[in-house]
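Coordinates in review
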Amino acid sequence: MSEQIRVIVIEQEALYRRGLVAVLDSTPGFDVAGSAETAADAYRLADAAQPDVALVGTTLTDAPGIELAAELRRRHPAVAVVVIAANESDDELFAAIRAGASAYSGRDVGEETLVTLIRRAATGEYVINEQLLGKPYVAARVLDQFRNSTIVDAAIPSAFMPLTERELEILRKVSDGMTNAAIGEALGISPQTVKNHVTSILRKLAVNDRTQAVVTAFRRGWLTLTVELPDEGTLPGVTDTPTTRLGAAKDDT
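These notes cover the structure that comes with them. Remember, predicted model here, so these are calculated numbers, not experimental data. (Residues numbered from 1 in each chain as written. Predicted model: local features only at pLDDT ≥ 70, side-chain atom pairs only at ≥ 80, totals over all residues. Heavy atoms only, no water.)

**Side note on the overall build of the protein**
Definition in use: Comment: elements are numbered from the N terminus, with helices defined as DSSP H or I runs of at least four residues and strands as E runs of at least two. Exposure categories follow from relative accessible area, calculated using a 1.4 Å probe and restricted to protein chains: below 20% of the type maximum is buried, above 50% is exposed, and the middle band is partly exposed. Working rule for contacts: check all heavy atoms of both residues, and any pair within 4.5 Å makes them a contact. Here the Shrake-Rupley method, with its probe set to 1.4 Å, supplies the accessible areas, and only the displayed protein chains count as covering residues.
Secondary structure summary: the protein contains ten helices and five strands in total. Burial statistics for the protein: of 253 residues in total, 51% are counted as buried. Within the protein, contacts between residues at least 6 apart in sequence are counted, and of these 71% link residues at least 24 apart. Element-wise, carbon and sulfur atoms account for 50% of the exposed surface of the protein, whose accessible area totals about 11500 Å².

See below:
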């Protein structure tokens, strides 16, 4: 990620969309690369702009915002998605987590809070998981899905492992909840080099985000689960601090 955070805004309502653009345009450190009001325009914009972060509204005319978020993550694994919900709900929060969103907030979010969310998402945090601390229903659903994903076929390792030794080493540290910066410090390489490796991992495994890459590696036997699954809504690699992450810290990919 460059010094300036490159952002695109996808929102159907023109007045709110322009408000978001105006806030970010007036905030140091942000580069608004464009805005779109439909999913079709959003895909074209993301292809052209190659943003660090995409702000995605949930009320679009041609596709649900959560569906757009998931597709953006599939097409551009390095892009962090911040979902701005018209009407917040636990079900939508769960869907946003599944879509690989980095943060989830309602439209009534304050300017300072929004800027902080975007900055944290751009540096690789899954800010969205902090909301799980106060949402036991959603946390239980996420944990159940993780358990099901890791148990199924866990004893059937793949005959072909496409990752290099270095990529597997980095993915193991990702599974421990380490950020790109922490991994880089541990391995003596730059965070950008770690980001490049993680992007390569996502591409090779054909997954949308770091958590899915870790789950895939567990299922295929490339990584071994060495800790017990917790019982109160956290996942391996997740701490009980206010910056709780879901299984794998997101970082820049």
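**Considerations on the sheet that holds strand β3 (residues 53-57)**
Backbone-to-backbone hydrogen bonds pair the strands of a sheet. The strands run either parallel or antiparallel. Defined as follows: Strands are labelled as partners when DSSP assigns at least two bridges between them. Between the N-to-C directions of two axes lies an angle of 0 to 180 degrees, each axis being a line fitted to C-alpha atoms and, for a helix, fitted only over the stretch in contact.
Ordered in space as β2-β1-β3-β4-β5, the five strands form an open sheet in which the pairing is parallel. Looking along the sheet, the strands with just one partner apiece sit at the ends: β2 (30-36) and β5 (103-106). Within this sheet the neighbouring strands show an average axis-to-axis angle of 20 degrees, counted without direction. Sheet topology places β3 next to strand β4 (residues 80-85); five bridges connect them, and they run parallel.

**So, the packing of aromatic side chains**
Applicable threshold: To pair, rings of Phe, Tyr and Trp, with the six-membered ring standing in for Trp, must have centres within 6.5 Å; the planes then decide the type, stacked if under 30 degrees apart, edge-to-face if over 60, and tilted in the middle. Sitting over a ring, as applied to charges here, requires NZ of Lys or CZ of Arg to be within 6 Å of the ring centre and within 35 degrees of the ring normal.
Here the structure, examined in full by the defined rule, presents zero aromatic pairs. The positively charged end of R75 is found above the aromatic ring belonging to Y43, 4.0 Å away from the centroid.

**Digging into the packing of helix α7 (residues 165-175) against helix α9 (residues 191-205)**
Worth spelling out the cut-off: The cut-offs work like this: below 35 degrees is roughly parallel, past 145 is roughly antiparallel, 65 to 115 is roughly perpendicular, and the gaps in between are oblique. Side-chain classes follow a simple rule in which Ala, Val, Leu, Ile, Met, Phe, Trp, Tyr, Cys and Pro form the nonpolar group, Asp, Glu, Lys and Arg form the charged group, and the remainder, Gly included, forms the polar group.
The interhelical angle for the contact between α7 and α9, taken along N-to-C directions, is 100 degrees, at an axis separation of 10 Å. Comparing the axis directions of α7 and α9 gives the class roughly perpendicular. Mapping the contact onto sequence places R166, E167, I170 and L171 in α7 and V194, H197, V198, S200, I201 and K204 in α9. Residues that form the contact of α7 with α9 fall into these classes: five nonpolar, two polar and three charged.

**Brief notes about helix α1 (residues 14-25)**
Think of an α-helix as turning once every 3.6 residues; residues three or four places apart then point the same way. Formally: Expected span of a helix: the number of residues minus one, times 1.5 Å. Note that the arc is computed from the directions linking the helix axis to the C-beta atoms.
In this model, α1 (twelve residues) spans 16 Å end to end at C-alpha, consistent with the 16 Å of a helix rising 1.5 Å per residue. What α1 keeps buried is the set Y16, R17, L20, V21, V23 and L24. When α1 is viewed along its axis, its buried side chains cluster within an angular range of 160 degrees and face the same direction. Exposed residues lying more than 90 degrees from the buried face of α1 are L15, R18 and D25. On its buried side, α1 packs onto β1 (5-10), β2, β3, β4 and α5 (111-122).

**Some points on the pairing of β3**
The two faces of a sheet get side chains in turn, since along a regular strand they alternate between them. In plain terms, the rule: Looking down the strands as they point away from you, a crossover is right-handed if its path from the first strand over the helix to the second goes clockwise.
Burial within β3 is extensive, with five of its five residues counted as buried. Of the two faces of β3, the one carrying V53, L55 and G57 and the one carrying A54 and V56 are both buried. Relative to β3, β1 runs parallel, the two being bridged by four bridges. When the bridges of β3 are listed, I10 appears paired with V56. In this fold, the crossover linking β3 to β4 by way of helix α3 (residues 65-75) has right-handed handedness.

**Points about unusual backbone geometry**
Even without a glycine there, the phi angle at Q50 is positive, about 50 degrees. Here Q50 is to be found in the loop between α2 (39-49) and β3.

**A short note on the environment of A54**
Among the structural elements, A54 can be located in strand β3. With 21 residues separating them in the primary sequence, A54 and A33 have C-alpha atoms 10.0 Å apart. Apart from the residues lying within four places of it in its own chain, the contact partners of A54 are I8, I10, L72, V79, A80, V81 and V82.

**So, the environment of N180**
Let me state the cut-off plainly: N or O atoms within 3.5 Å of each other form a polar contact, as long as, within protein, one can give a hydrogen and the other can take it, and as long as residues adjacent in sequence are counted only when both atoms are side-chain atoms.
Tracing the backbone through its elements, the reader meets N180 in helix α8 (residues 180-187). As for N180 and K195, which are separated by 15 residues in sequence, their C-alpha atoms are 6.5 Å apart. Engagement of the side chain of N180 in a polar contact is seen with the side chain of R210, the distance being 2.8 Å.

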